[in-house]
Amino acid sequence: MAHPLNDFEDNGLLKPGHYSLQVGAPGPESLKKIADYLDDASKKLREQHRFEESLQYGVVPGTHSVREAIAQFLTRQYGQPVERDDLFVTSGASSGVEVLMKHYFTQEQYIFAENPTYPVFAMSINKDQVMKGVPIPIESDGLNLKVLEEKLKELPETKLTPRRPFRAAVYLIPTHHNPTGCCYSPEKCNKLVKLARKYDVLIICDDVYNVLSYKADVSVPGKFEYSPQRLFAYDRKTDPDYKGNIISNGSFAKIVAPGLRMGWYEAPTHVITSLQDCYLANSGSGQTYYVAHLVAEALKSGSIDNHVQMLRTKHKERMDVAISTVEENLSKYGVTITHPEGGYFLWVKLPENMDSAKILELSKERENVTFVKGNLASICGDFSNHIRLCIAYYEVDDIRKGVEGLCRVIKSVLEK
């Protein structure tokens, strides 16, 4: 038996003839293209003056040239300006969240999160207890802000210092949300910034899907509209009451390759300054330093821009196929599925009396199809009649086959 070569294989997924529709990662064909881009980038890097310094202990927030390459790439992809000096290179969004929680907060403080939310975050916040997780309902245009403010009013008084300037945290995925696919409305973004300032709260945005917009630009055939403005941009430095309460926690995992372990913060100056004086920075210096230089060369070449455009086209096709397959087979039974305009995920709602755990058991046994149970996306275990599907890993024909198999299982249970 072959030894596993990735995390999913190590956990029994991605077997031949199986459809692991929970896998939130780029597929092998995408990664092969990235390998070619990085090979070219490596050659260009070696042509740089003192290229060997990319293998040294690094500049803590990332070198000027690396952050400039990221800023220019994000400016092109967002259709909005991103400033080099607002960026801090990280080893990915997952570690990015954990670093912020541990840097600014204690185990006794609260972190408010969407309900539902990113399943691994929901499971980890309960298991690891880095902070106290509090679920807040999410609506079609973002968090229920009435419920959030009621909770914020109940926060205990806390003495704030330059080292600990926040009373609590809010963890959000405001753009192409995981798992619902929704995007926050401008009205809610503006209100969130006001609440964060009023109650001295840090909002951590997992902005890992922002460039993956699948809404066609009708004025330019083959192109896609930009995703909605990220929440960080609503926290305007020119506002008289600006404090710097929003961090955009980005990653190249979903659009380049997760094995690179590279991401970024787009953050207020006081956050970037504070993070340069933590244990990780003092002991380890710049994070993922060589990889950051390699990725910067690929960004400067334009190859990653072209790759993202290819991902948008392929992901839209996969998402459309998954949605139409579910609706054609199951809508008459009251099963619904979201219609996101970007991202990786689809959120399927089964009839109230159906348990996705039972469906998972049957679909795995009968059709070799697996997915994420809805309750795993909730800090408090809600959404047992929901299913999260991912469209990123498999090519369109396998997406169709996997979703058709899942539909057969759901239909057989509904018709009993």
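Starting afresh in each chain, residues are numbered from 1 along the sequence in its written order. With pLDDT at 70 or above as the cut-off, local features in this predicted model cover only qualifying residues; side-chain atom pairs require 80 or more to be listed or tallied, and sums for whole chains, interfaces and linings still use all residues. Hydrogen atoms and water are omitted, and side-chain values are computed over all heavy atoms in the structure.

Observations regarding the packing of aromatic side chains
- Stacked, tilted and edge-to-face are the three classes applied to pairs of Phe, Tyr and Trp rings, where Trp contributes its six-membered ring and a pair requires centres within 6.5 Å; stacked means planes under 30 degrees apart, edge-to-face means over 60, and tilted covers the rest. Evaluated as defined, the whole model comprises 12 aromatic pairs.
- On the numbers, 6.3 Å between centres and 55° between planes, the contact of tyrosine 19 with tyrosine 394 is tilted. Here tyrosine 394 lies in the loop between β14 (386-390) and α13 (396-414) and tyrosine 19 lies in strand β1 (residues 19-20), a separation of 375 residues in the sequence. Pair check on accessibility: tyrosine 19 and tyrosine 394 agree, each one buried.
- Aromatic pair tyrosine 393 and tyrosine 394: ring centres 5.1 Å apart, planes at 80°, arrangement edge-to-face. In this structure, tyrosine 393 and tyrosine 394 share a single accessibility class: buried. Think of it this way: any DSSP run of H or I at least four residues long counts as a helix, any run of E at least two long counts as a strand, and we number them from the N terminus. Buried residues are those whose accessible area, probed at 1.4 Å on protein chains only, stays under 20% of the maximum for their type, while exposed residues exceed 50% and partly exposed ones sit between those limits.

Remarks on unusual backbone geometry
- Cis geometry is adopted by the peptide bond preceding proline 116, which originates at asparagine 115 and carries an omega value of 15°.
- Positionally, proline 116 belongs in the loop between β3 (110-115) and α5 (119-128).
- That bond from asparagine 178 to proline 179 is cis: its omega, 15°, falls within 30 degrees of zero.
- Here proline 179 is to be found in the loop between β6 (168-172) and α7 (186-199).
- Of note in the backbone geometry, glutamine 129 takes a positive phi value of approximately 55° without being a glycine.
- Inspection of the secondary structure assignment puts glutamine 129 in the loop between α5 and β4 (132-139).
- Given a relative accessible area of 51%, glutamine 129 falls into the exposed group.
- Although it is not a glycine, serine 285 sits at a positive phi angle of roughly 60°.
- On the secondary structure map, serine 285 appears in the loop between α9 (279-284) and α10 (289-301).
- A residue is classified by how much of its surface remains accessible, and serine 285, at 18% relative accessible area, is buried.

A word on the UniProt feature "domain: Aminotransferase class I/classII large" (unreviewed entry) in the chain
- UniProt records the feature "domain: Aminotransferase class I/classII large" (unreviewed entry) for residues 38-404 in the present numbering.
- End-to-end, the C-alpha atoms of residues 38-404 are 36 Å apart, and along that stretch the chain is 39% helix and 16% strand. UniProt positions are given in the numbering used here, feature names are shortened, and annotations may be inferred rather than shown by experiment.

Considering the pairing of β14
- Most of β14 sits inside the fold, with five of its five residues counted as buried.
- Residues His386, Arg388 and Cys390 point to one face of β14 and Ile387 and Leu389 to the other, with burial holding for every one of them.
- Taken together, the five bridges between strand β11 (residues 345-349) and β14 define a ladder with antiparallel strand orientation. By the bridge assignment for β14, tryptophan 347 is matched with arginine 388.
- The sheet contact formed by strand β13 (residues 372-373) and β14 spans two bridges and is antiparallel. Looking at the pairing, valine 372 lines up with arginine 388 of β14. At least two DSSP bridges between two strands are needed for those strands to be called paired.

Considerations on the packing of helix α12 (residues 356-367) against α13
- Helix axes are fitted only over the stretch in contact, all axes being lines through C-alpha atoms; the angle between N-to-C directions runs from 0 to 180 degrees. Running from amino to carboxyl end, α12 crosses α13 at an angle of 125°, the nearest separation of the two axes being 9 Å. Taken together, the axes of α12 and α13 are oblique relative to one another. Taken as a pair, α12 and α13 cross one another with a handedness that is right-handed. Facing α12, whose interface residues are Ile359, Leu362, Ser363, Arg366 and Glu367, α13 presents Gly405, Leu406, Arg408, Val409, Ile410, Ser412 and Val413.
- Any residue outside Ala, Val, Leu, Ile, Met, Phe, Trp, Tyr, Cys, Pro, Asp, Glu, Lys and Arg is labelled polar, Gly included; the first ten of those are nonpolar and the last four are charged. Taken together, the residues of the contact of α12 with α13 break down into six nonpolar, three polar and three charged. Reported orientations rely on four angle classes, namely roughly parallel under 35 degrees, roughly antiparallel over 145, roughly perpendicular from 65 to 115, and oblique for the rest. With the far helix as reference, a near helix turned anticlockwise by less than a right angle produces a left-handed crossing, and one turned clockwise produces a right-handed crossing. The contact rule is simple, with two residues in contact once any of their heavy atoms fall within 4.5 Å.

Structural notes on the environment of glycine 181
- Following the sequence through the fold, glycine 181 ends up in the loop between β6 and α7.
- Judged by its relative accessible area of 8%, glycine 181 falls in the buried class.
- On a C-alpha basis, the gap between glycine 181 and asparagine 375 in space is 17 Å, while along the polypeptide they are 194 residues apart.
- Once residues lying within four places of it in the same chain are set aside, the contact partners of glycine 181 are His176 and Pro340.

What to know about the pattern of salt bridges
- What makes a salt bridge here is a side-chain nitrogen of Lys or Arg within 4 Å of a carboxyl oxygen of Asp or Glu, nothing more. Tallied over the full model, the rule gives 28 salt bridges.
- One salt bridge connects lysine 188 with glutamate 139, and the closest N-O pair in it is separated by 2.4 Å. Of this pair, lysine 188 sits in helix α7 while glutamate 139 sits in strand β4, and the two are 49 residues apart along the sequence.
- You can call lysine 188 buried: its relative accessible area is 10%.

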